[in-house]
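Notes for the structure review
Residues per chain are reported as follows:
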Amino acid sequence: MIFNSKIFRFFTTLIMVFLVVACIAPFILLVASSFTSEQALTLNGYKFWPSEFSTEAYRYLWSVRDAILRSYGMSFLITGIGTVLSVTMTMLFAYPLSRKDLPGRTGLSFFLFFTMLFNGGFVPTYIVYSKFLHITDTLAGLIVPYLLMNAFFVIMVRTYITTNVPDEVIEAAHIDGAGEFLTLVKVVLPMSTPIIGTIGLMSAIAYWNNWTNGVYFITTRRDLYGIQNYLNTVISNIQFLQSHSDPSISVKSLPSVSIRMAIAVIAIIPILCAYPFFQKSFAKGITVGAVKG
């Protein structure tokens, strides 16, 4: 067959190598730029090898290490709380939808799918969160809006449970006297670890990389900023100073492109360290969970 031929395997391998290089190349460029002097970046642009090696960006980050460590701590706190809440709410929504005997199951599924196509828009959403829920300048403002639960994750988990947790196992648990909650905790969750790892990793990445909630809902409490918001603040301050500074005053000493790259490097390190531990569950969960049941 064609799938077993050497030519087919050669071209598929070639395509995979190309995709791997396409994924790794931007990261190499990011790291190289963070170790390149500001002058070299301005004159020569971005290169995969520093044209003029410099640790100036990291020396600046070391000088503001207290702010960076505080931002790191907030990012870990936000990501940890947000991921746990997101996975919990997703499982509590997906498990009932996976039960065929749930009253109103079709209506709830339609309501869930409807939210993937339509929403109230940014302004009404902001008013609800800020004026009625009063989450502005609170930790909830960085956790609740836009990230707390994802309809796509619910559909993935529902499909996984439907196709991988036999009804007979759930019925056996009910016969033994287990209620729905105990069945979920003792039976469904242990059999759903791949999809839980998948949505957990995806939620953690979303929380870690998010900076829009900090811009929208944090106005005075800068101490709540995570590492992404700190990076955004540095970029905004640099752009403001460079565009409004007196021409007679040199702005060469201000942190600029290389320091942005250095902050991006240290911001991505936790994700790079965490991903290998979730890789097996991620690959299995997203493959099986995406199959229509």
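Structure first, text after, so check above.
So, here's what we can say about the structure.

Some words on the side chain of T36
In this fold, T36 is placed in the loop between α1 (6-34) and α2 (38-44). One polar contact links the side chain of T36 to the main-chain carbonyl oxygen of A32, over a distance of 2.6 Å. Other than its neighbours up to four places away in sequence, T36 contacts L41, P50, S51, E52, S54 and S258.

Regarding the packing of aromatic side chains
Summed over all chains, the structure comprises 16 aromatic pairs. Each ring, one from Y129 and one from Y146, has its centre 6.3 Å from the other, and the planes form 70°; the classification is edge-to-face. In this pair, Y129 sits in helix α6 (residues 122-132) while Y146 sits in the loop between α6 and α7 (151-164), placing the two residues 17 residues apart along the sequence. For Y146, a relative accessible area of 42% gives the class partly exposed. An aromatic cluster is present here, built from F122, Y126, Y129, Y146, Y216 and F217 joined pairwise through their rings.

Observations concerning the pattern of salt bridges
Oppositely charged side chains are able to pair whenever their charged atoms sit close together. Using the criterion set out here, one finds two salt bridges in the structure. Put simply, D167 and R99 hold a salt bridge, and the shortest N to O gap is 3.4 Å. Taken as a pair, D167 in helix α8 (residues 167-175) and R99 in the loop between α4 (65-98) and α5 (105-117) lie far apart in primary sequence, 68 residues in all. Overall, the relative accessible area of 30% leaves D167 in the partly exposed class. A salt bridge links R221 to D223; the shortest N-O distance between them is 2.9 Å. A residue is classified by how much of its surface remains accessible, and D223, at 34% relative accessible area, is partly exposed.

Conventions adopted
Residues numbered from 1 in each chain as written. Predicted model: local features only at pLDDT ≥ 70, side-chain atom pairs only at ≥ 80, totals over all residues. Heavy atoms only, no water. Helix = DSSP H or I, 4+ residues; strand = E, 2+ residues; numbered from the N terminus. Polar contact = N/O pair within 3.5 Å; in protein donor to acceptor, adjacent residues only side chain to side chain. Contact = heavy atoms within 4.5 Å. Phe/Tyr/Trp six-rings, centres within 6.5 Å; stacked < 30°, edge-to-face > 60°. Buried < 20%, exposed > 50% of the residue type's maximum accessible area, 1.4 Å probe, protein only. Salt bridge = Lys/Arg side-chain N within 4 Å of Asp/Glu carboxyl O.

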